[in-house]
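Chains, contacts and geometry: an overview
Here is how the chains run, residue by residue.
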Amino acid sequence: MLLTVFALFAGVALVSAIVVVLHRNPVVSTMSLVVTLVATAGLFIMLGSPFLAALQILLYTGAILVLFLFVIMLLNVQRERTTTTRMSGMFIGAGICALVFAGALVRLFWSAYADTAVKPLDPEAFSLVSVARDLFATYLLPFEMIGLLLLVAVVAASWVAKKPESADDPDAIEVVKQGEPR
Amino acid sequence: MIPIAWYLVLASVLFCIGAFGALTRRSGIAIFLSIELMLNAANLTLVAYSRIHGDSAGQMFVFFALAVAAAEAAVGLGLFISIYRLRHTIDVNRLNRLRW
Amino acid sequence: MVFTPSVIAALAMTGLWMFALINVTPIMLWLERRAPAFMQDRLGPNRLGPLGLFQAIADVLKFIFKEDVNPAGADKVLFLLAPTIGFVASLLTYLVIPFGPEVTVAGHTFPLVVIDSDAGMLLFLALSSLGVYGLVLAGYSSNNKWSMMGGIRASAQMVSYELALTIAVVAALIPAGSLNLSRVVEHQIAGNLLGFLPAWNVFTQPLGFLVFLVAAFAETNRTPFDLPEAESELVAGYHTEYGGLRMALFYMGEYQSMAILSALGATLFFGGWSLPGVDAAAAGAWIAGLPLIGAIGPGLGTALFGFSVLIVKTYIALFGFIWVRWTFPRFRYDQLMRLGWKVLLPLALLNFVVVAALAVAGKI
């Protein structure tokens, strides 16, 4: 029973991950990443942390990937033209590297943890109270710094993405048409 | 209970798929998506380890990693918008001059 | 598949909720026409059946028989996927709303909620945030610049008001001290304000309820926040290119998310499945004493009582949705976004701080 559920989540995650990296339409890639993240959230639940699963769906798929879709629609990103990259050296080289690295990691993890007996899940260790205690007592400083980081990110993103004000603005950057001499 | 090694194996395969995508794609958005895939694989590894040791520190790490990924996505996409405004392309093969 | 009693109970409760949610659409289709007619001193549709009750059947038949149009150049997969995502995402969120206390049926005790989890509210927020994709994909895949603008506006509005909604919801969870909605309802039952009022959160945090109300209107794209889909703006916004059954899916998704947010508001602020002064177990025993329905027993009787109370509160809120729609003019888009970020979010935070301070002081 658990095996079926795991196989379902893992299979869906793998297939949609492959679609993410191979499909040429960026919107389809983003939606496949949504599917991968939801499958991973299911795996989080199986590993005993429903909070992280809910947070992953809420933050990652519900906010970050929506932002991706906005930018894709705003910039009207077209389908990628890959007539030159398929079967090129980079493609094959990257494929071999990824396979070798995957093989090394899989061998490493399998040999190290194949027969690790995991203790049964202690409901107290991963409950709401313990998560709250960790966040606000043990890891209070990183928590506050994350708040600061998000503030910095908001300010930075809104400054970087704003339109240049006018031609006389000293901070404005001139637009260079493709191929024109500077 | 599923043997914990399977979660780690799955995470490493996802990571390598993401790495392959980050190396191969031409569109900046697609590279960014592959990076998010790698981050997700790392999060899965962390949660698996947290389960092995029964220690919630792994889950806290994932919590902070999610927040950092959100911040990074915001700034990164702002950068994409700015780059597109200047060079009218997201193709990383064309963005090969280290000036505006 | 291991059919333990708890699994059977969960499946039965799922069936009950699905039945209730699927039936929201026909009832709302009728109510959405008769209620404003009543408010505007005219008759609504009254030809089909008594009081025009079969109007919904006529509407459904019309939707089914309309031609399925696929706009040229539209991405076919995404075009079909968009209303499906909107429909399914709003259908997943009922899983954590309780409709009764723990009951004992045929010797097995289980709480009357499909997923009884300590992360219940988080799951609700997570699943309801998936509904944005319906809007975004509908706008993108229609190959129509007006649809895309409508889609971007609608999804930006939804994401912005999700923040205020979440903070208002969290403030409502503070007195109960748990993300489990059953605990929230129990906390509201077990109190008394000023001697006669039940300890409902609407009385202890009225500002939070107001923020939740406004954010719920904006989340479901209802007037006064329905600029992205209003008939006089951008044609019909993100669902311009949809006709027939796909349009029906959008409509159903919208009505279902209205119903779910109403049920959530009833649970968080109005005591959920409880009536003040009525003990659920006693009500169940009373129902078990009735001639015909009494055969279901006291446990299921309590479930019936709790579910009926929740449904009544939900429909009162849905009537409120319709009432507001036909009363207020709609916001312009920049006014809408300014309201969400500059007014509602600070108010929600203020409410949160006040409620947290009161909770620490032991007053709530």
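First things first, this report covers the structure right here in the doc. (Residues numbered from 1 in each chain as written. Chains lettered and ligands numbered in written order. Predicted model: local features only at pLDDT ≥ 70, side-chain atom pairs only at ≥ 80, totals over all residues. Heavy atoms only, no water.)

Notes on the overall build of chain C
Of regular secondary structure, chain C possesses 13 helices and four strands. Its C-alpha atoms give chain C a radius of gyration of 21 Å, within 12% of the compact-globule value 21 Å for 364 residues. When its C-alpha atoms are laid out on the principal axes, chain C stretches across 60 × 50 × 50 Å. Burial statistics for chain C: of 364 residues in total, 52% are counted as buried. Long-range contacts, defined as pairs at least 24 residues apart, comprise 76% of the intrachain contacts of chain C with a sequence gap of at least 6. Surface exposure of chain C reaches about 16300 Å², of which carbon and sulfur atoms provide 71%. (Helix = DSSP H or I, 4+ residues; strand = E, 2+ residues; numbered from the N terminus. Rg over C-alpha atoms; globule rule 2.2 N^0.38 Å. Buried < 20%, exposed > 50% of the residue type's maximum accessible area, 1.4 Å probe, protein only. Contact = heavy atoms within 4.5 Å. Areas by Shrake-Rupley, 256 points an atom, 1.4 Å probe, with all protein chains shown as cover.)

As for the overall build of chain B
When you go through chain B residue by residue, the secondary structure sums to three helices and zero strands. Along chain B, from the amino end to the carboxyl end, the secondary structure elements read α-α-α. Whereas a compact globule of 100 residues would reach a radius of gyration of roughly 13 Å, chain B reaches 17 Å, over 25% beyond that. When its C-alpha atoms are laid out on the principal axes, chain B stretches across 50 × 25 × 20 Å. For chain B, the residues scored as buried account for 61% of the 100 residues in total. Residue pairs in contact within chain B that sit at least 24 positions apart in sequence constitute 56% of those at least 6 positions apart. When the accessible surface of chain B is split by element, carbon and sulfur atoms take 68% of a total near 3600 Å². Counting 8 positive and 4 negative side-chain charges, chain B places the averaged centre of each group 17 Å from the other. (Lys, Arg positive; Asp, Glu negative; His and termini not counted. Charge placed at Lys NZ, Arg CZ, Asp CG, Glu CD.)

Details of the interface of chain B and chain A
Contacts between the two partners involve 75 residues from chain B, matched on the other side by 87 residues from chain A. Counting the surface lost from both chain B and chain A, the interface buries some 7500 Å², and carbon and sulfur atoms represent 77% of this. Interface area lost by chain B to chain A is led by Arg25, Leu33 and Arg51 of chain B, which between them contribute 9%. Residue assignment for the side of chain B that touches chain A shows that the elements contributing at least two residues are α1 (4-24), α2 (28-53) and α3 (57-87) of chain B. Ranked by residue count, the leading element in the side of chain B that touches chain A is α3 of chain B, at 25 residues. (Buried area = accessible area lost by both parts, 1.4 Å probe.)

Brief notes about helix α4 (residues 120-128) of chain C
Among the nine residues of α4 of chain C, eight are classified as buried, and the element is accordingly described as predominantly covered. All buried positions along α4 of chain C are accounted for by Gly120, Met121, Leu122, Leu123, Phe124, Leu125, Ala126 and Leu127 of chain C. Its buried side turned inward, α4 of chain C meets α3 (50-75) of chain A together with α3 (76-91), α6 (145-173), α7 (181-189) and α10 (245-269) of chain C.

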